Amino acid sequence: MEWENIGDRIKFFRERKKMTQYALAQQAGVSPTYIYQLERNEKSPTVEYLGHICWGLGISIKEFFDADVTVEQTDYVADLTPKQIELLNAFLNSLKS
């Protein structure tokens, strides 16, 4: 999936952290309505507010805009158990040989 806009990215990282819009708003110091509007692309955040949102998400602005982060990669791995991650790493390492 390619990133369509900032609202998609905010929603992606929020859901990846298993946060509600309300919880993110509380962490970022903004209103839940503002988060809702951002995710629906009704508003665009200023750099200052994007910084607050990233802080609330526990990520850097660099990570927020990292082109290498894709929904497919992080969603699948985020839901794996530690044992499944271990097995996945072993499998991936076996492909190098």
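What this report covers is the structure whose coordinates are included nearby. (Residues numbered from 1 in each chain as written. Predicted model: local features only at pLDDT ≥ 70, side-chain atom pairs only at ≥ 80, totals over all residues. Heavy atoms only, no water.)

1. Some thoughts on the overall build of the protein
Next up, step 1: Counting its regular elements, the protein contains 7 helices and 0 strands.
Next up, step 2: Listing each helix as α and each strand as β along the protein from the N terminus yields α-α-α-α-α-α-α.
Next up, step 3: Per-residue burial over the protein gives 29% buried out of 97 residues.
Next up, step 4: By element, 55% of the accessible surface of the protein is carried by carbon and sulfur atoms, the whole surface being about 6,600 Å². (Helix = DSSP H or I, 4+ residues; strand = E, 2+ residues; numbered from the N terminus. Buried < 20%, exposed > 50% of the residue type's maximum accessible area, 1.4 Å probe, protein only. Areas by Shrake-Rupley, 256 points an atom, 1.4 Å probe, with all protein chains shown as cover.)

2. Details of the pattern of salt bridges
Next up, step 1: Scanning all chains against the criterion turns up 4 salt bridges.
Next up, step 2: In this structure, glutamate 15 engages arginine 14 in a salt bridge whose closest nitrogen and oxygen atoms are separated by 4.0 Å.
Next up, step 3: With a relative accessible area of 42%, glutamate 15 lands in the partly exposed category.
Next up, step 4: Using a relative accessible area of 8% as the deciding quantity, one classes arginine 14 as buried.
Next up, step 5: The salt bridge involving glutamate 42 is made with arginine 40; its shortest N-O contact spans 3.1 Å.
Next up, step 6: Taking the relative accessible area as the measure of exposure, glutamate 42 reaches 47% and is therefore partly exposed.
Next up, step 7: Of the residues examined, arginine 40 reaches a relative accessible area of 49% and is grouped as partly exposed. (Salt bridge = Lys/Arg side-chain N within 4 Å of Asp/Glu carboxyl O.)

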